[in-house]
Amino acid sequence: MPALPSPLLRLEGLSKSFGPTVAVAPLDLAVEAGDFCAILGPSGCGKSTLLRMIAGFTEPSSGRVLIDGQDVTALGPEQRPTNMVFQGYGLFPHLTVAQNVAFGLALRKRPPAETAGRVAEALKLVRLEGFDDRSIDKLSGGQQQRVALARALIMRPKILLLDEPLAALDLKLRQQMQEELRRIHADIGGTFIFVTHDQGEAFALANRVVVMNAGRVEQLGTPQEVYRTPASLFVANFVGEASILKGERRNGMVTLAAGPEIASAGPDGPVSAMIRPERLQPAAQGLAATVVDQQFLGEAVRVTALTSSGERIHVRLPDGPDAARLVPGSKVAFAFAPDAVRILEESAR
Amino acid sequence: MKRGAVALLSPAGAVFAAVFAIPAVMLFVVSFWSVRSFKLSPDVSLAAWQRFFTEYWDLTLYTLLIGISTGVLCTVLGFIFAYAARFRAGRHGDLLMLATLVTLFGGYLVKIYAWKSILGADGLLNQALMLTGLTDAPLAFLIYSRSAVIIALVHFLLPFAILPIYASLRNVSDISLEAARDLGASTTQLLTRVILPQIQAGLFSAFAFSFLLAAGDYVTPMLLGGTSGSMLGQFVLLEFSTRFNWPAGSAMSFGLLLACFVVLGAAGYLMRMALRPRPA
Amino acid sequence: MIWRIVIVLFLLFMLGPILLVVLFSFGSNALIGFPMGSLTFAWYRELLGDSGFFDAFQTSIVVALATAILSTITGTLAAMGLMRLTPRPARTVLAALSLPVLLPPLVVAIAIVVLFVRGLGVGLGLPVVILGHVLVAQPFVILIVMARLARFDTASLDAARDLGATRWQAFRLVMLPQIASALVGAALVSAAISLDDFIIASFTIGGGNTVSTFVWGKMRTTLDPSINAIATVLLVMTIGLSALALRLARYRE
């Protein structure tokens, strides 16, 4: 075996089937220490199953889970150096805030003084000082979220797992908690892995994003990579908004059904071209289209148009005179820089 | 079924098998045995069943009639009470349900005894009637009659009818009623087209509970029925105890159950027909 | 207004007869009827001196206690088992286990006697009474516990495991404290059902009396005024137990 630098978490050929249904197809994945990693995908894509296999709640059908080079596949959740923040939190309603947070340490029979100190420390970290004796059902959703976080963090897990951590919170609170989570991640320098179906949340929090679909990893990369250079049509569509235009490649030149030509090396054959909405600008000439709808979004305007080939394109531009001209029915052309186009082979769907 | 589930269910299942399922099968088998001079012997005889169909068919019909009357009264009264508790009593609704539970646990024998004291020849009702001068001699027909049995059974079984109806009325959302009102439903239409169809299951449980327990009772008719208010249960008991004719008692038990399920099937069908969605 | 009258009439019909019995247990007249005579505790005093009642009372307590404990165990385990099944088989199993409550207790009792006396040749007695009571009480326990488990957040069990608890520790430290009030409630309801039963007890007890069969004896023979007092004692116990159960199961979470 070559001496590779060992990642903190390594999944090798990990898979899970429930009877005939494959929840997670065999996959390999490495997460480095200090990463804030998002597992992003639509509901039912297997992301929660993957998280539960890492935590030890779900026994994999095949493959291994290695943490710090140690095979933990056979260990139960209580024996793994991971802790989890559950969707819906799973707090203990019959215990106070402090008793909830101390639960794990109490099981390990730590000296009371140490436990008390670490509880105070954990509550301070999540900004719940003075909440020790409150009962759980007297807390707001955001406060419950913080208790769940403190309860897991107090165990000083090598990896903190979060299952849709912010799904139950409303928008303002969610943004606030996103900031908090980043601060806590930076403060303790830990490794966080979380599952979400919300691409905005994945981008806001993570430095690494794993995009999953139908039990498979579609792409692994930084948020920028995933957004700018999606590996597949699924990623292009699921992560952010995209215009997808069909085309044909001949001799290193792609001709779109909608008109324009783009230089792109690769084998001849049908391809798709993806362009993000903010990379299209109204111009004298380029991609010709007829506007069908215009939405005012506040800081920007979202325009939907139909190309001559009948394909739908999405454009986003700052509010202003340019945008005001794009009323439904008007015929316009959109220009784009060559690097704004991502060519995807038909096989990469 | 999962293995863990089977293990968890097995203690309850063992009790069920030991004192219900196996005894029921045994009881059914005994209905084909024969009896000669108080001695029971295993046999394949239809004598007991013959006896049920020839000697007891009219009593079975009476019994079913009392059961059906009780069941219908309980269901109708139970609905009125549950409706009041759910929609008309405001915050006192919970109090009404508490009263229901008190009645439920008010003691089976105690209730029958109470009715005997009320309806008896020197009971409260006769005293009251004589005191007010409505009659000058005690009315004997108050007690020892079919109506006395039905009154006491309705009293005993009303909570059993109220509870399932109330439970299903709680699931009727206020919004669906407001929507119906908004679409122009009258109070009657609200009842017949929105509320009743939604609580069919509750109504049926209410009828099934009160009908089955009424039809199977023997203590109430024994103490309040006299000769005109006899029910099959008393004779099942008689065959088992004094006459020592177990096969007959067994055949009568299963015969009664069979008849009850026929009635329940018919009741379910009628209810579905009556409450099916109608074209406008 | 009409509804108010309707409700009052209902309450009169439902509670009136029961209240009468209680009322007359304190009256000096031998029979229920007005005037009820002066206030007296004579019937209760008489009960205290009646060894037959005392024995029956003790038997009832023993049977009710055993029924409560056993049916709470079998019913709770069954409820947990049913929660693991998919809804359709769970409904079927629950319906089967509830069947003994729906059928006439007379038939259930006779079947038990036929099997135990003729089939197995073992005698009747208190253990058989208790088994019969567990049979009718356990469906109620199952319903109460299932209702509680349906609101139970299973993620809290996962959380306990994740924090280092074994399966048993998770059950004892997280689940049990949360469902304890429902279990106590279920046990009390079982005890009330056991105390209230007359038919199964009268068939399967063999010799001796429970309070119910004791009352029955008095009801059949004489119009004994102490029945009012016994009935009141029984009433206070069953209603007290079930009211307590209701409070525990519904209001304390």
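All residue numbers here refer to positions counted from 1 along the written sequence of the relevant chain. For this description, chains carry letters from A and ligands carry numbers from 1, given in the order in which they are written. A pLDDT threshold of at least 70 governs which residues receive local features in this predicted model, and a stricter bar of 80 or more applies before side-chain atom pairs are shown or counted, although totals over entire chains, interfaces and linings include all residues. Side-chain numbers come from the whole structure's heavy atoms, not from hydrogens or water.

S.K.: I'm lost on the overall build of chain C in this one. Help?
M.R.: Strands here are runs of E lasting at least two residues and helices are runs of H or I lasting at least four, both read from the DSSP assignment and numbered beginning at the N terminus. When helices and strands are tallied, chain C shows eleven helices and zero strands. Shown N-terminal to C-terminal, the secondary structure of chain C runs as helices and strands in the order α-α-α-α-α-α-α-α-α-α-α. Dimensions of chain C, computed from the C-alpha atoms along their principal axes, are close to 70 × 60 × 35 Å. Accessible area is worked out with a 1.4 Å probe on protein chains only. A residue is then buried under 20% of its type maximum, exposed over 50%, and partly exposed in between. Per-residue burial for chain C yields a buried fraction of 55% across its 253 residues. Taking the intrachain contacts of chain C between residues at least 6 apart in sequence as the baseline, contacts between residues at least 24 apart amount to 70%. Contacts between residues were defined by any pair of non-hydrogen atoms, one from each residue, lying within 4.5 Å.

S.K.: Mind showing me how you'd approach the interface of chain A and chain C here?
M.R.: A common way to report how large an interface is uses the accessible area buried once the components associate. Opposite the 21 residues of chain A that make contact, chain C presents 16 residues. Summed over both partners, the accessible area (1.4 Å probe) lost when two parts come together is defined as the buried area. Of the roughly 1,600 Å² buried between chain A and chain C on both sides combined, carbon and sulfur atoms contribute 62%. Broken down residue by residue, the surface that chain A buries against chain C is led by Glu78, His94 and Leu107 of chain A, which jointly contribute 33%. What makes a salt bridge here is a side-chain nitrogen of Lys or Arg within 4 Å of a carboxyl oxygen of Asp or Glu, nothing more. Where chain A meets chain C, there are two salt bridges. As a salt-bridge pair, Asp158 of chain C and Arg52 of chain A come within 3.1 Å of each other at their nearest N and O atoms. We call two N or O atoms a polar contact when they sit within 3.5 Å, provided that within protein one can donate a hydrogen and the other can accept it, with sequence-adjacent residues counted only if both atoms are side-chain atoms. Where chain A meets chain C, there are five residue pairs in polar contact (both at pLDDT 80 or more). Of all elements in the fold, only strand E6 (82–85), helix H2 (97–107) and helix H4 (141–153) of chain A reach the threshold of two or more residues within the side of chain A that touches chain C. Each residue gets one label: Ala, Val, Leu, Ile, Met, Phe, Trp, Tyr, Cys and Pro are nonpolar, Asp, Glu, Lys and Arg are charged, and the others, such as Gly, are polar. Tallied by class, residues from the side of chain A that touches chain C come to eleven nonpolar, six polar and four charged.

S.K.: Looking at this model, I keep getting lost on the packing of aromatic side chains. Mind explaining?
M.R.: Each aromatic ring pair is specified by the distance between its two centres and by the angle formed by the two planes. A pair of aromatic rings is counted whenever rings of Phe, Tyr or Trp (Trp by its six-membered ring) have centres within 6.5 Å, and the orientation is called stacked for planes under 30 degrees apart, edge-to-face for over 60 and tilted otherwise. Scanning the entire structure with this criterion turns up 31 aromatic pairs over all chains. Taking the centre distance of 5.7 Å and the plane angle of 40 degrees together, the rings of Phe79 of chain B and Tyr83 of chain B count as tilted. A residue pair is termed a helical-turn pair when its members lie 3 or 4 positions apart in one helix, as Phe79 of chain B and Tyr83 of chain B do in helix H3 (residues 57–88) at four residues. Each member of the pair, Phe79 of chain B as well as Tyr83 of chain B, carries the same accessibility label: buried. Taken together, the ring pairs connect Phe28, Phe32, Trp49, Phe52, Phe53 and Phe254 of chain B into an aromatic cluster. Positioned above the aromatic ring of Phe92 of chain A is the side chain of Arg151 of chain A, whose terminal nitrogen or guanidinium carbon lies 4.7 Å from the ring centre. By definition here, charges over rings are those cases where NZ of Lys or CZ of Arg is within 6 Å of the ring centre and within 35 degrees of the ring normal. A cation over an aromatic ring shows up here: Arg276 of chain A above the ring of Tyr227 of chain A, its NZ or CZ 4.1 Å from the ring centre.

S.K.: Would you explain the sheet that holds strand E8 (residues 191–196) of chain A in this entry?
M.R.: Where strands meet in a sheet, backbone hydrogen bonds hold them as pairs that are either parallel or antiparallel. All names here are of chain A. When DSSP locates at least two bridges between a pair of strands, those strands are taken to pair. The strand order across the open sheet built from six strands is E6-E7-E8-E3-E9-E10, with neighbouring strands paired in mixed fashion. The open sheet terminates on both sides in strands that have one partner only, identified here as E6 and strand E10 (216–221). Neighbour-to-neighbour, the strand axes of the sheet open up by a mean angle of 20 degrees, direction not taken into account. Here strand E3 (residues 36–40) runs beside strand E9 (residues 208–213); their pairing, made up of four bridges, is parallel. Paired with Cys37 across the strands is Arg208, a residue of E9. All axes here are fitted lines through C-alpha atoms, helices being fitted over the stretch that makes contact, and every angle between N-to-C directions spans 0 to 180 degrees.

S.K.: What's the story with the arrangement of the chains in this structure? I'm lost.
M.R.: There are two pairs of chains in contact here; the most contacts are made by chains B and C. Regarding chain A and chain B, which are not in contact, the minimum distance between any of their C-alpha atoms is 14 Å.

S.K.: What am I meant to see in the environment of Ser71 of chain C here?
M.R.: Residues and elements named next belong to chain C. With respect to the helices, strands and loops of the structure, Ser71 is situated in helix H3 (residues 51–84). The spacing of Ser71 and Ala186 is 115 residues in sequence and 8.7 Å in space, taken between C-alpha atoms. Contact partners of Ser71, with chain neighbours within four places excluded, come to Thr76, Val134, Ala137, Gln138, Val141 and Ser190.

S.K.: How should helix H2 (residues 42–49) of chain C be read in this particular structure?
M.R.: For an α-helix the count is 3.6 residues per turn, leaving residues at separations of three or four pointing the same way. All names here are of chain C. Among all positions in H2, only Trp43, Tyr44 and Leu47 are buried. The buried residues of H2 occupy an angular sector of 100 degrees when projected down its axis, which confines them to one face. In H2, the exposed residues that point more than 90 degrees away from the buried face are Arg45, Leu48 and Gly49. Note that the arc is defined by the directions from the helix axis to the C-beta atoms.

S.K.: Just to check I follow, could you spell out the environment of Gly104 of chain A for this structure?
M.R.: The residue Gly104 of chain A is located in helix H2 in this model. Distance from Gly104 of chain A to Thr115 of chain A, taken between C-alpha atoms, is 9.6 Å for residues eleven residues apart in sequence. Look past the residues within four positions of Gly104 of chain A in its chain and what remains in contact with it is Met155 of chain A together with Leu163 of chain C.

S.K.: Is there a simple way to think about empty space enclosed by the protein in this case?
M.R.: Over the atoms a probe the size of a water molecule is rolled, and this reveals where empty space is left. Site definitions follow a grid-based scheme: protein atoms alone, a 1 Å grid, a 1.4 Å probe that fits but cannot get out for cavities, and for pockets an open set with protein on both sides within 12 Å along at least five of seven lines, plus lining residues having an atom within 4 Å of a point. Grid points are joined across faces, edges and corners, and a volume is the space filled by probe spheres set on the points. The final tally for this structure, using the stated rule, is one cavity of 30 Å³ or more. The volume enclosed by the largest cavity comes to roughly 30 Å³. Lining the largest cavity, in full, are Gly216, Gly233, Val236, Met252, Ser253 and Leu256 of chain B together with Pro104, Leu106 and Val107 of chain C. Among the secondary structure elements, those contributing two or more residues to the lining of the largest cavity are helix H12 (232–240) and helix H13 (246–275) of chain B together with helix H5 (105–119) of chain C. Partitioned by chemical class, the residues of the lining of the largest cavity number six nonpolar, three polar and no charged.

S.K.: So what exactly am I meant to see when it comes to the layout of surface pockets here?
M.R.: When its volume is computed, the second largest pocket comes out at roughly 1,000 Å³. Along the wall of the second largest pocket there are 22 residues; nearest its centre are Arg84, Thr154, Leu157, Asp158 and Arg167 of chain C. Residue assignment for the lining of the second largest pocket shows that the elements contributing at least two residues are helix H1 (3–30) of chain B together with H3, helix H7 (155–162) and helix H8 (167–196) of chain C. Top contributing element to the lining of the second largest pocket by residue count: H8 of chain C, with five residues. Across the lining of the second largest pocket, the residue classes break down as 13 nonpolar, three polar and six charged.

S.K.: Quick question: what am I supposed to make of the packing of H3 of chain B against H13 of chain B here?
M.R.: For any two helices packed against each other, one specifies the inter-axial angle together with the distance between the axes. Residue and element names in this part refer to chain B. Look at H3 against H13: their axes get within 11 Å of each other, and the N-to-C directions meet at 45 degrees. By the angle between their axes, H3 is oblique relative to H13. Between H3 and H13 the crossing geometry is right-handed. Taken together, the residues of H13 that come into contact with H3 (itself represented by Thr60, Thr63, Leu64 and Ile68) are Leu256, Ala259, Cys260 and Val263. For classification, angles of less than 35 degrees are called roughly parallel, those exceeding 145 degrees roughly antiparallel, those between 65 and 115 degrees roughly perpendicular, and all remaining angles oblique. Whether a crossing is left-handed or right-handed is set by the direction in which the near helix is turned from the far one by less than a right angle, anticlockwise for left-handed and clockwise for right-handed.

S.K.: Looking at this model, I keep getting lost on the interface of chain C and chain B. Mind explaining?
M.R.: Taken together, the contact pairs 73 residues of chain C with 76 residues of chain B. Both sides together, the interface formed by chain C and chain B hides about 6,800 Å², and carbon and sulfur atoms give 84% of it. For chain C, the biggest contributors to the area lost against chain B are Trp3, Met14 and Arg118 of chain C; these three give 10% of the whole. For the interface between chain C and chain B, the tally reads zero salt bridges. Counted by class, the side of chain C that touches chain B contains 57 nonpolar, ten polar and six charged residues.

Functional significance is not addressed by these values, which are geometric in nature.
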